[in-house]
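Observations on chain architecture
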Amino acid sequence: MKILDRYILSSYLKTFFSVFVILMFIFVLQTIWLYIGELAGKDLDFVVILKFLLYFSPKLVPLVLPLTILLTSIMTFGNFAENYEFAAMKSAGISLQRAMRSLTFFILLVSFTAFIFANNVIPAAEYKSINLRKNIAQLKPAMVISEGVFNDLGEINIKVEEKSGNNDRFLKNVIIHKKSERRAGNYTVIKAKEGELIGSTDSNILSLVLKDGNYYDEILTRSPSSRTKKPFAKSHFEEYVINMDLSGFNDVDLNEEKYSNSHNMLKISELNQTIDSFSTSYNQEVENLSRNLYARSGMVAMVRDFEPKDTIADLSEGILPLYEPYRASQIINLAMGNVNGALAVVTAKQAELNLATKRLNKFEIALHEKYALAFACIVLFFVGAPLGAIIRKGGMGLPMVIAILLFLTYHFIGIFAKNSAEEGTISPFLATWLSTLIMLPLGILLTYRATTDQGLFGFSALFEPIRKMLKKAQIMGRNEND
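These figures come from a predicted structure and were not determined experimentally.

Counting secondary structure elements, the protein contains 14 helices and six strands. Counting all 482 residues of the protein, 34% fall into the buried class. Long-range pairs, those at least 24 residues apart, make up 71% of the contacts in the protein between residues at least 6 apart in sequence. For the protein, the exposed surface amounts to about 29600 Å²; the carbon and sulfur share of it is 60%.

This is the structure:
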């Protein structure tokens, strides 16, 4: 490797790793902010929190790595242009493509590494992350009663308007729905103006003391006639105590791994197998639906061995006038019943097939994302490097603004396209590659303009026709005066 290649590569690597670490740190802080509700109040030790962040960090690489490459390329080549190092290279006969050669091999290596990372590390981290989050969610549910929403605490669903006091032990305006093993539904409702949680983190028993409230319970009777009257029991209480056994909640193994059905947990080979299985199942469901509707239509049992007769009935007004009114009404009722039944089957099956389609689209998007990440690294490099050479500005000012604007455009296009693909509006393949394909012509254009020493935008080409028209009109005016 020549001295120039080593210099360019070392300059790029210093900025690359610095930007990557800073951006990763920022995104990890955002992760802590987003999931602080799942971590707070659970008596988790520092090792478990580090595990959570460690398992979640690989998911940030598809966001951090493309932005790092784009920003580093703009900063590095902007510094070269600002310090007239590119001018010195060009005076020595070294073109922009020659200066980018060592970095091109590095970006290709980064792209290949990103592909391997997306195919192996991210699925494994997603598997660990989801299982750890599921297990953390079951710890100390008494300490995570949120205000204004119903919280599931084993045998009850509880909603409180406000929490106060030490460790939020005092509750205001409490509503409780007690569960029953015999029947599903909110048949037992308890409302109280005040409540207090009494217990300790070392105990599996949590006592909820309710004050000044009402108890309502719908009575389940065996007699159908009595059941229509909806009997109930209602009482008022000054104090009511509910003891909840939380041993089942607190006995949680944080290392247990039993969730493995997410599309982000699978490798390419597993995704291909899953997509093939889902596609086969989907096609089978559609075929079964068509067979069911054909069977419901009665065409299978229809008698087709008709014999021609000499007289031909007048069917200009339909076939119903051929029958007596009572018989005709039966035919209409039977036809309406068949149509309504078929419509109900189609409506129910349509919702089921829509869910299956969304699930299949998610797996296809996850498959193409692994390839798109590697290709995006290459494309964004060829966007950022010539852009930095054109704007001739290094540092963290203007390059940071331009890089963020470009990346937000790239990222938002990808998000909107993927959301549309999940709904089936566009193809999952096109949705995954759309943002990268939009950036590709921009990279080619910027590389061409930087190579030919042109500016960022060629406004002269836009005004050239107007200038020619004005010049032609001026010449014609001179000729008329002469």
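Okay, a nonpolar patch on the surface next. Side chains of Phe375, Phe429, Leu430, Leu437, Leu440 and Ile444 sit close together on the surface and give an oily, nonpolar patch of about 510 Å² of accessible area. With respect to the element layout, Ile444 can be found in helix α13 (residues 428-451). Residue class for Ile444 comes out exposed when judged on its relative accessible area of 55%.

A word on the side chain of Ser435. Structurally, the position occupied by Ser435 is in helix α13. Residues within four places of Ser435 in sequence aside, it is in contact with Tyr410, Ile413 and Gly414.

For the structure on display, the rule yields seven salt bridges. Between Glu287 and Arg291 there is a salt bridge whose closest N-O contact spans 2.5 Å. Highlighted residues: Glu287 and Arg291, both in helix α10 (residues 268-296), separated by four residues, approximately one helical turn. In this structure, Glu352 engages Lys349 in a salt bridge whose closest nitrogen and oxygen atoms are separated by 3.5 Å. Taken together, the residues Glu352 and Lys349, both in helix α11 (residues 325-391) and three residues apart, mark about one turn of the helix. Here Glu352 falls in the partly exposed class, since its relative accessible area comes to 40%. Among the charged side chains, a network of salt bridges with common partners joins Glu285, Lys349 and Glu352.

You can see Thr72 is positioned in helix α4 (residues 61-82). Here Thr68 takes part through its backbone oxygen, which lies 2.6 Å from a polar atom of the side chain of Thr72.

Right, let's get into the confidence of the model for the protein. Of the residues in the protein, 76% reach a pLDDT of 70 or more, and the chain-wide mean stands at 77. Contacts of residues 249-260 to residues separated by more than four positions or lying in other chains number 37 contacts, the stretch itself having pLDDT below 50. Segment residues 458-463 is flagged for pLDDT under 50; beyond a separation of four residues in sequence, or across chains, it makes one contact in the model.

All right, on to the packing of helix α12 (residues 398-422) against α13 then. As a packed pair, α12 and α13 sit with axes 7 Å apart at the nearest point and diverge in direction by 155 degrees. When the axis of α12 is compared with that of α13, the two are roughly antiparallel. Note on packing geometry: the crossing formed by α12 with α13 is right-handed. Residues Leu406, Tyr410, Ile413, Gly414, Ala417, Lys418 and Ala421 of α12 form the contact with α13, whose own contacting residues are Pro428, Ala431, Thr432, Leu434, Ser435, Thr436, Ile438, Met439 and Leu442. Looking at the contact of α12 with α13, its residues break down into 11 nonpolar, four polar and one charged.

Looking at the secondary structure, you find Ile242 in strand β6 (residues 232-245). Between the C-alpha atoms of Ile242 and Leu197, which are 45 residues apart in sequence, the distance is 9.8 Å.

A few words on the packing of aromatic side chains. Any two aromatic rings considered together are summarised by their centre-to-centre distance and by the angle between their planes. Following the criterion strictly, the structure yields 17 aromatic pairs and no others. Arranged with centres 6.0 Å apart and planes meeting at 75 degrees, the rings of Tyr12 and Phe106 form a pair that is edge-to-face. Within this pair, whereas Tyr12 is found in helix α1 (residues 3-34), its partner Phe106 is found in helix α7 (residues 101-136), the two being separated by 94 residues in sequence. Taken individually, Tyr12 and Phe106 each receive the classification buried, so the pair is uniform in this respect. With centroids separated by 6.4 Å and ring planes inclined at 15 degrees, the aromatic side chains of Phe16 and Phe20 adopt a geometry described as stacked.

Bridge count for strand β2 (residues 156-164) against strand β3 (residues 170-178) is eight bridges, and the pairing is antiparallel. Pairing of Glu162 across the sheet is with Lys172, part of β3. Direction of pairing for β3 relative to strand β4 (residues 188-198): antiparallel, over a ladder of eight bridges. Considered in β4, the bridge of Lys178 is made with Thr188.

With a phi close to 55 degrees, Asn173 is a non-glycine residue in the positive phi region. Secondary-structure assignment places Asn173 in strand β3. If you check the backbone angles, Asp212 has positive phi at about 55 degrees while not being a glycine. The residue Asp212 is located in strand β5 (residues 205-218) in this model.

Let us now look at the pairing of β2. Bridge count for strand β1 (residues 151-153) against β2 is three bridges, and the pairing is antiparallel. Counterpart to Leu153 in the pairing with β2 is Ile156.

Another point: α13. Spanning 24 residues, α13 covers 35 Å between terminal C-alpha atoms, matching the ideal 34 Å at 1.5 Å per step. The largest bend in α13 comes to about 50 degrees, at Leu434. Every buried residue of α13 is listed here: Pro428, Ala431, Thr432, Trp433, Ser435, Thr436, Met439, Gly443, Leu446, Thr447, Arg449 and Ala450. Tucked into the core, α13 has its buried residues touching α5 (85-91), α6 (96-99), α11 and α12. Phi turns positive, to about 60 degrees, at Asp453, one or two residues after α13.

This part takes up the nonpolar core. Tyr12, Leu65, Ile69, Leu70, Phe77, Phe86 and Phe381 are the most contacted members of the largest nonpolar core, which totals 62 residues. At 13 residues, the largest contribution of residues to this core is made by α11. Contact partners of Leu65, with chain neighbours within four places excluded, come to Phe16, Phe20, Val110, Ala114 and Cys377. Core analysis: the second largest hydrophobic core is formed by 16 residues, Leu153, Ile190, Leu197 and Phe237 among them.

Reading the values: rules and limits
In this convention, every chain numbers its residues from 1, walking through the sequence in written order. Local features in this predicted model are restricted to residues of pLDDT 70 or higher, and side-chain atom pairs are both shown and tallied only at a pLDDT of 80 or more, whereas totals for entire chains, interfaces and linings draw on every residue. In computing side-chain values, all of the structure's heavy atoms are included and hydrogens and water are not. Helix and strand assignments come from DSSP, with helices taken as H or I runs of at least 4 residues and strands as E runs of at least 2, each series counted from the N terminus. Accessibility here uses a 1.4 Å probe with only protein chains present; expressed as a share of the type maximum, an area under 20% marks a residue as buried, one over 50% as exposed, and anything in between as partly exposed. Here, residues are in contact when the closest pair of their heavy atoms is within 4.5 Å. Note on areas: Shrake-Rupley with a 1.4 Å probe; residue coverage comes only from the protein chains shown. Candidate patch residues must exceed 30% relative accessible area and have no salt bridge, after which like charges are joined if within 9 Å and Val, Leu, Ile, Met, Phe, Trp or Tyr side chains if within 5 Å. Definition used for salt bridges: Asp or Glu carboxyl oxygen within 4 Å of a side-chain nitrogen of Lys or Arg. Think of a polar contact as two N or O atoms within 3.5 Å of one another; within protein, one of them needs to be a possible hydrogen donor and the other a possible acceptor, and neighboring residues in sequence only count if both atoms come from side chains. How sure the predictor is of each residue is captured by pLDDT, a score from 0 to 100. Think of each axis as a best-fit line through the C-alpha atoms, taken over the contacting stretch in the case of a helix, with angles from 0 to 180 degrees between the N-to-C directions. The labels follow the angle: roughly parallel below 35 degrees, roughly antiparallel above 145, roughly perpendicular from 65 to 115, and oblique for the rest. Each crossing is labelled by how the near helix is turned from the far one, with a counterclockwise turn of less than a right angle marking it left-handed and a clockwise turn marking it right-handed. Basically, the charged four are Asp, Glu, Lys and Arg, the nonpolar ten are Ala, Val, Leu, Ile, Met, Phe, Trp, Tyr, Cys and Pro, and anything else, Gly included, counts as polar. Any two of the Phe, Tyr and Trp rings considered here, Trp counted by its six-membered ring, make a pair once their centres fall within 6.5 Å; the pair's planes then place it as stacked at under 30 degrees, edge-to-face at over 60, or tilted in between. Following DSSP output, two strands are said to pair if at least two bridges run between them. Helices are assigned an expected span. That span is 1.5 Å times one less than the residue count. We define the bend at any residue as the angle between the axes fitted to the seven residues before and including it, ending there, and the seven starting there. Among the buried residues, those of types Ala, Val, Leu, Ile, Met, Phe, Trp, Tyr and Cys that are joined through side-chain atoms within 4.5 Å form a nonpolar core.

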